[in-house]
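What follows is each chain in one-letter form.
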Amino acid sequence: MRALVISGGGSKGAFAGGIAQYLIQEAHKQYDFFLGSSTGSLLISHLALGELDYIQSVFTSVTQAQIFSNCPFTIRHKNKLPNIGINHFNVLKNFIRGRKTFGESHALRKLVAKTLSPAQFEVLQKKQPQILVTVSNLTTNKVEYKAAADCSYEDFIDWIWISCNYIPFMSLVQKDRAEYADGGLGCIVPISKAFELGATHVDAIMLNTAVPQINRMPTRNAFDALAVLFDFMVDQIGEHDVALGKMTAKAYDGSLRVFHTPRVLTTNSLVFDRQKMQKWWAEGQVMACINRTLSSPATLCKLLTANWVKSGSL
């Protein structure tokens, strides 16, 4: 039995989408389990449904306004690079309203419901693959996995949304008498869970480099320092998850293949840039082709040419 596991990573999820599309469309991999954490949870339902072109179109065209109902930061571009600052007005507005986070992401909840309809969810529940999203229960201090087969439509939409809520910048959600947040705060890439469910082979997509390739510039303000701190914590959790996944694979006599990004895609994954995400999706397809053991040079050449044409390089 095979499982596809996609880690958290915000806008970098576009790279994971490209890898997944190649594995399913070109390599003809059939998966019995789809597991996602944070941005990975946004992708897995449509990957399981086989709606690859649709999720590519939706994911790579998402904007800040479709994510944040109250965005806590500003984005200004200097020398074509995003310069992130505090949106003091929006942060203050959130505190006046009695919210517990700097920003709100109710717009994302609406987007999830818009892109995954009740009819699609019904098909999803009837299909063979198991779909699980990862959430962090801050009340019980535990990581939980929510299966589509065990949920109502509204509940599953909530869990997908909650899995993506990167606090303190996005919404902290009260549900089932507990406070929930981003699945990546507890488990960034649920490899071990896939083996525990019965998978014998796992393809895991980790949205960072295999070896650290960045030295960050000094932080500019308290907001920036907090973002860097949380990124550091999530990176450490991710490394732990991969190491634990490798040990679990040995314990269950299974096989594990981990895909990493070949370079640092971005230092702020909460910035959603359409052109960059389209490029990352294409890069993911090429990376999956290169990493495929028996990949055909002709197939790789064809894929590279198609992506260069799309990006306007040819």
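These numbers were taken from a predicted model, which means no experiment stands behind them.

Caption draft 1: Highlighting the overall build of the protein. Along its length, the protein carries 12 helices and 10 strands. Burial statistics for the protein: of 314 residues in total, 53% are counted as buried. Considering only contacts within the protein whose residues lie at least 6 apart along the sequence, 75% involve residues at least 24 apart. Accessible surface, the protein as shown: approximately 15200 Å² in total, 55% of it carbon and sulfur.

Caption draft 2: Helix 7 (residues 118–126), seen in detail. All of the buried residues along helix 7 are Gln-120, Phe-121 and Leu-124. Burial along helix 7 is one-sided: seen end-on, the buried residues are contained in an arc of 100 degrees. Turned more than 90 degrees away from the buried face of helix 7 sit Ala-119 and Lys-126, all of them exposed. Its buried side turned inward, helix 7 meets helix 2 (39–49), helix 3 (52–59), helix 6 (106–115), strand 5 (130–137) and helix 8 (153–163).

Caption draft 3: A look at a nonpolar patch on the surface. Taken together, Leu-229, Phe-232 and Met-233 make up a surface patch of nonpolar side chains, about 300 Å² in accessible area. Assignment of secondary structure puts Leu-229 in helix 10 (residues 222–251). Classification of Leu-229 as partly exposed rests on a relative accessible area of 43%.

Caption draft 4: Structural context of the pattern of salt bridges. In the structure shown here, the tally under the stated rule is 11 salt bridges. Ionic pairing is found between Lys-146 and Glu-144, a salt bridge with its closest N-O pair at 2.8 Å. Of the charged contacts in the structure, one is a salt bridge between Asp-155 and Lys-175, with a shortest N-O distance of 2.8 Å. Residue Asp-155 is found in helix 8, and its partner Lys-175 is found in strand 7 (residues 173–175); the two are separated by 20 residues along the sequence. Taking the relative accessible area as the measure of exposure, Asp-155 reaches 31% and is therefore partly exposed. Residue Lys-175 is classed as buried on the basis of its relative accessible area of 11%. Linked by salt bridges that have partners in common, Arg-109, Glu-154, Asp-155, Asp-158 and Lys-175 make up one network.

Caption draft 5: Highlighting the nonpolar core. Counting 89 residues, the largest nonpolar core has Leu-4, Phe-34, Leu-47, Phe-156, Val-202 and Ile-205 as the members making the most contacts within it. For this core, the element with the most residues is helix 1 (residues 13–26), which contributes eight residues. Each residue touching Val-202, except ones within four places of it in the same chain, is listed here: Ala-3, Val-5, Ile-191, Ala-194, Phe-195, Ser-255, Leu-256 and Arg-257.

Caption draft 6: View of the environment of Met-277. Mapped onto the secondary structure, Met-277 falls in helix 11 (residues 274–291). In the structure, Met-277 is positioned 218 residues away from Phe-59 in sequence and 8.1 Å away in space, judged by C-alpha atoms. With near-sequence residues (within four places) excluded, Met-277 lies in contact with Ser-11, Ala-14, Phe-59, Thr-60, Val-62 and Phe-272.

Caption draft 7: Region of interest: the side chain of Ser-105. Mapped onto the secondary structure, Ser-105 falls in the loop between helix 5 (88–96) and helix 6. Contacts of Ser-105, omitting those with residues within four sequence positions, involve Ile-67, Phe-68, Ser-69, Trp-161, Asn-165, Met-170 and Ser-171.

Caption draft 8: Seen up close, the packing of aromatic side chains. As enumerated under the stated definition, the model contains nine aromatic pairs in all. Summarising the aromatic geometry, the rings of Tyr-31 and Phe-34 are spaced 5.7 Å apart at their centres and angled 70 degrees between planes, so their arrangement reads as edge-to-face. On the basis of relative accessibility, which here comes to 5%, the residue Tyr-31 falls in the buried class. Ring centres of Phe-68 and Phe-73 lie 5.5 Å apart, and the angle between their planes is 80 degrees; on these two criteria the pair is classed as edge-to-face. Just as Phe-68 is buried, Phe-73 falls in that class too. Taken together through their ring pairs, the aromatic side chains of Phe-95, Phe-102, Tyr-166, Phe-169 and Phe-230 make up a single cluster. Looking at Lys-146, its charged tip hangs above the ring of Trp-159, at a distance of 4.4 Å from the centre. Over the ring of Trp-159 we find Lys-175; its NZ or CZ atom is 5.4 Å from the centre of that ring.

Caption draft 9: Quick peek at the packing of helix 2 against helix 8. Across the interface, helix 2 lies against helix 8 with an axial gap of 6 Å and an inter-helix angle of 140 degrees. By the angle between their axes, helix 2 is oblique relative to helix 8. Counted together, Ser-41, Leu-42 and Ser-45 of helix 2 and Phe-156, Ile-160 and Ser-163 of helix 8 form the full contact between these two elements.

Quick notes on the rules
Residues numbered from 1 in each chain as written. Predicted model: local features only at pLDDT ≥ 70, side-chain atom pairs only at ≥ 80, totals over all residues. Heavy atoms only, no water. Helix = DSSP H or I, 4+ residues; strand = E, 2+ residues; numbered from the N terminus. Buried < 20%, exposed > 50% of the residue type's maximum accessible area, 1.4 Å probe, protein only. Contact = heavy atoms within 4.5 Å. Areas by Shrake-Rupley, 256 points an atom, 1.4 Å probe, with all protein chains shown as cover. Arc of directions from axis to C-beta. Patch = residues over 30% accessible without salt bridge, like charges linked within 9 Å, V, L, I, M, F, W, Y side chains within 5 Å. Salt bridge = Lys/Arg side-chain N within 4 Å of Asp/Glu carboxyl O. Core = buried A, V, L, I, M, F, W, Y, C linked by side-chain atoms within 4.5 Å. Phe/Tyr/Trp six-rings, centres within 6.5 Å; stacked < 30°, edge-to-face > 60°. Lys NZ or Arg CZ within 6 Å of the ring centre and 35° of its normal. Axes fitted to C-alpha atoms, helices over the stretch in contact; angles between N-to-C directions. Parallel < 35°, antiparallel > 145°, perpendicular 65-115°, else oblique.

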